[in-house]
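This is what each chain is made of:
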Amino acid sequence: MNEKQDRIDALKKVRLLLRAGTAPDCADLIDQPFPFEFIFGLGSDGFTPFEYEFVGKSPGEILTMVVDRLTIPTTFGHLSCDLPALPEDTDVYHLKVEIAHVVAATAAEIVKALAKKGRCGAGCCSEMA
């Protein structure tokens, strides 16, 4: 595959594998890789802060990040709806995110993702945290 085409950018279908823990290098919250797939850059306000971390990255790369529970709605934006459930009694989550797959999204996939985003409804994404 063309290396440039594999890089994350707007309207690419991205598959990540998430693990989460209560401390760095700990996966006590999500111990098995959780597949998290989405079309990159579909937010009405542009890229979410979470997405900005991945711009230009390629499959195989691994990122670690710390997310405060209270910032999940602003950090993940519309993507919050699809996140795995995390315990509400934990204030900070340590995420390990592996980029598993990046391909150009088809027009049908983009339309489907936009429709799903529209069904999310007012406030449902912010209720994640």
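Residues numbered from 1 in each chain as written. Predicted model: local features only at pLDDT ≥ 70, side-chain atom pairs only at ≥ 80, totals over all residues. Heavy atoms only, no water.

## Some points on the overall build of the protein
Next up, step 1: Helices and strands together make up the secondary structure of the protein, namely four helices and four strands.
Next up, step 2: For the protein, the residues scored as buried account for 36% of the 129 residues in total.
Next up, step 3: A separation threshold of at least 6 residues defines the contact pool for the protein, and within that pool the share at least 24 residues apart is 71%.
Next up, step 4: For the protein, the accessible area works out to roughly 7,300 Å², and carbon and sulfur atoms hold 53% of it. (Helix = DSSP H or I, 4+ residues; strand = E, 2+ residues; numbered from the N terminus. Buried < 20%, exposed > 50% of the residue type's maximum accessible area, 1.4 Å probe, protein only. Contact = heavy atoms within 4.5 Å. Areas by Shrake-Rupley, 256 points an atom, 1.4 Å probe, with all protein chains shown as cover.)

## Focus: the sheet that holds strand β2 (residues 30–39)
Next up, step 1: Taken in spatial order, the four strands make up an open sheet running β2-β1-β4-β3, and their pairing is antiparallel. Whereas interior strands pair on both sides, the edge strands pair on one side only; in this sheet they are β2 and β3 (62–68). The average undirected angle you get between the axes of adjacent strands in this sheet is 30°.
Next up, step 2: Looking at chain direction, β3 and strand β4 (residues 92–104) are connected through seven bridges and run antiparallel. Along β4, the bridge assignment pairs Thr64 with Lys96. (Pairing = 2+ DSSP bridges. Axes fitted to C-alpha atoms, helices over the stretch in contact; angles between N-to-C directions.)

## Here's the deal with the confidence of the model for the protein
Next up, step 1: When pLDDT is averaged along the protein, the result is 88, and 87% of the positions lie at 70 or above.
Next up, step 2: Within the model, the stretch residues 125–129 combines pLDDT values under 50 with 15 contacts to residues more than four positions away or in other chains. (pLDDT = per-residue confidence, 0-100.)

## Let's talk about a negative patch on the surface
Next up, step 1: Side chains of Asp68, Glu88, Asp89 and Asp91 sit close together on the surface and give a patch of like negative charge.
Next up, step 2: If you trace the backbone, Asp91 turns up in the loop between α3 (72–76) and β4.
Next up, step 3: With a relative accessible area of 52%, Asp91 lands in the exposed category. (Patch = residues over 30% accessible without salt bridge, like charges linked within 9 Å, V, L, I, M, F, W, Y side chains within 5 Å. Salt bridge = Lys/Arg side-chain N within 4 Å of Asp/Glu carboxyl O. Lys, Arg positive; Asp, Glu negative; His and termini not counted. Charge placed at Lys NZ, Arg CZ, Asp CG, Glu CD.)

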